[in-house]
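# Commentary on secondary and tertiary structure
Here is what each chain is made of, one letter per residue.
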Amino acid sequence: MNKTSTRKQRRQSRHDAAAQIMPPEGVPLRLDIAGVGVRMVAQITDVLITLGFAGSILIILSVSGAIGTSTILALGSLLFFAIRIPYYILSELAWNGQTIGKRLMKIKVVSHTGGSLTTHALVLRNIMKEAEVFLPGTLVLTLQQDNSIASWISFIWVMMAFAIPLTNPHRMRLGDMLAGTHVVHLPHPILLSDLARENPAPVATDQTGFAFLSHQLDHYGRFELQTLESFLRAQEKGTTRQNHQSNTQTLAAIVERIRKKIGYAEAISKVDHLPFLQAFYNAQRAYLEQRQLFGDRRSDKHFAANDEAK
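Residue indices begin from 1 for each chain and proceed along its sequence in written order. Given that this is a predicted model, residues contribute local features only at a pLDDT of at least 70 and side-chain atom pairs are listed and counted only at 80 or more, while totals for whole chains, interfaces and linings are drawn from all residues. Computation of side-chain values covers all heavy atoms of the structure but excludes hydrogens and water.

## Focus on the overall build of the protein
Put simply, the rule reads: In this description a helix means any DSSP run of H or I spanning at least four residues, a strand means any run of E spanning at least two, and both kinds are numbered starting from the N terminus. Categorising residues by exposure relies on relative accessible area from a 1.4 Å probe, with only protein chains included: less than 20% of the type maximum marks a residue as buried, more than 50% marks it as exposed, and the intermediate range marks it as partly exposed. Should any heavy atoms of two residues lie within 4.5 Å, those residues are considered in contact. Methods summary: accessible areas were calculated by the Shrake-Rupley approach with a probe of 1.4 Å, and residue burial reflects only the protein chains presented.
Broken down by element type, the protein carries 11 helices and 6 strands. When burial is assessed residue by residue, the protein has 32% of its 310 residues classed as buried. Long-range contacts, defined as pairs at least 24 residues apart, comprise 64% of the intrachain contacts of the protein with a sequence gap of at least 6. Summing over all exposed atoms, the protein offers an accessible surface of approximately 20,200 Å²; the carbon and sulfur share of this is 61%.

Rendered as structure tokens:
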């Protein structure tokens, strides 16, 4: 069991290393390495595109009588070579590491160090592709029977080129190793819902049912909160029969002033005046403490005007 778990951990660590690059900003990015299969499909797509261009030119030249049948194969190979190299290099330069085939398969070339792709790296990896696959593959298909040794050497070379990506966790071929690149799957973007289209969530909801939104808590600062706290503490001590009437009027005036200031639309009944103030105090305190965590110290309700004056 220990050996099995150790092997699994090693495989997982290799996979993790293969899926992580470190850009210059120092924040690691985790990207899935593109497998050999999906890269082959992209490669075949690009080959068919370049073959289509070369074939179209050959057909035009043949119909116009510019070339004879004896030179079609040689000219076709030359055209395929002349179109193929600029196609790969210019496509990956224009689309930041993608050809048409890679775009269809949603993969792209990235720098192994996480930096930006350079022209030197893209030219090198695509020139090496000729030496790895295309030129040996052309020799395998075009050499005569009396050159079977050369054909077998070319075939073995091509097989080795295909085997190299299977032996390293980043699936890098020779061109990638020299250019410092590898191919990854494009990350799937996950867009959050537009907050502007949603109803703003309540910042705080008291047990009494009073809820306050963030824009309603933006009007007051620490000074007003302390004043309200002093008033609520006085209410906890109780009132005498003599000042009960004046205290009730003061409580109603404070509630009405706060309600209009913050734009609280619902009317507050007389029995809910004190619960409303307590709920507002709790919500306002929690809001100011949260803002203070982000360096926003609001001393009083004039903080906005003070900031503008500065």
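More follows now that the structure is in view.
## Concerning the packing of aromatic side chains
The criterion, for reference: Centres within 6.5 Å make a pair out of two Phe, Tyr or Trp rings, where for Trp the six-membered ring is used; the pair is then stacked when the planes are under 30 degrees apart, edge-to-face when over 60, and tilted otherwise.
Inspection of every chain in the model, using the stated rule, returns 5 aromatic pairs. Considering the side-chain rings of Y264 and F276, the 5.4 Å spacing of their centres and the 70 degrees angle between planes classify their relative orientation as edge-to-face. Separated by 12 residues along the polypeptide, Y264 in the loop between α9 (244-262) and α10 (273-293) and F276 in helix α10 bring together distant segments of the chain. Both residues of the pair, Y264 and F276, belong to the buried class. An aromatic cluster is defined as three or more aromatic residues linked by ring pairs; in this entry it consists of F80, Y87, Y88 and F134.

## With respect to α9
For an α-helix, the turn length of 3.6 residues means that residues three or four places apart are oriented alike. For the record, the criterion: Helix span is expected to be 1.5 Å times the residue number reduced by one. Note that the arc is computed from the directions linking the helix axis to the C-beta atoms.
Between its first and last C-alpha atoms α9 spans 27 Å; for 19 residues at 1.5 Å apiece the expected length is 27 Å, and the two agree. Among all positions of α9, only N247, L251, V255, I258, R259 and I262 are buried. For α9, the arc enclosing every buried residue in end-on projection is 100 degrees, short of the 170-degree limit, so these residues lie on one face. Exposed residues lying more than 90 degrees from the buried face of α9 are Q245, Q249, R257 and K260. Where α9 ends, the next residue or the one after it, G263, has phi of about 75 degrees, a positive value.

## What about unusual backbone geometry?
Positive phi, close to 55 degrees, is recorded for N96, a residue that is not glycine. Locating N96 in the fold gives a position in the loop between α3 (72-94) and α4 (100-105). The class of N96 is partly exposed, set by a relative accessible area of 44%. The phi angle at K106 is positive, at roughly 60 degrees, despite the residue not being glycine.

## Quick notes on a nonpolar patch on the surface
For clarity, the threshold we go by: Like charges are joined within 9 Å and nonpolar side chains (Val, Leu, Ile, Met, Phe, Trp, Tyr) within 5 Å, but only among residues with over 30% relative accessible area and no salt bridge; these make up the patches. Criterion for a salt bridge: a side-chain nitrogen of Lys or Arg within 4 Å of a carboxyl oxygen of Asp or Glu.
Taken together, M40, I44, L48, L51, W152, F155, I156, M159, M160 and F162 make up a surface patch of nonpolar side chains, about 970 Å² in accessible area. Mapped onto the nonpolar patch, the elements with two or more residues apiece are α2 (36-64) and α6 (148-163). With 6 residues, α6 is the single largest residue contributor to the nonpolar patch. As for its position among the elements, I156 is in helix α6. Owing to a relative accessible area of 46%, I156 belongs among the partly exposed residues under this scheme.

## So, the pattern of salt bridges
Within this structure, the stated rule accounts for 9 salt bridges. Note that E132 and R173 form a salt bridge whose closest N and O atoms lie 2.7 Å from each other. With E132 in helix α5 (residues 119-142) and R173 in the loop between α6 and α7 (174-179), this residue pair connects regions lying 41 residues apart in the sequence. Of the two residues, E132 and R173, both sit in the buried class. Put simply, E229 and R233 hold a salt bridge, and the shortest N to O gap is 3.0 Å. Of this pair, E229 and R233 both sit in helix α8 (residues 222-236), separated by 4 residues, roughly a single helical turn. On the basis of relative accessible area, E229 is assigned to the partly exposed category, the value being 22%. Judged by its relative accessible area of 48%, R233 is partly exposed.

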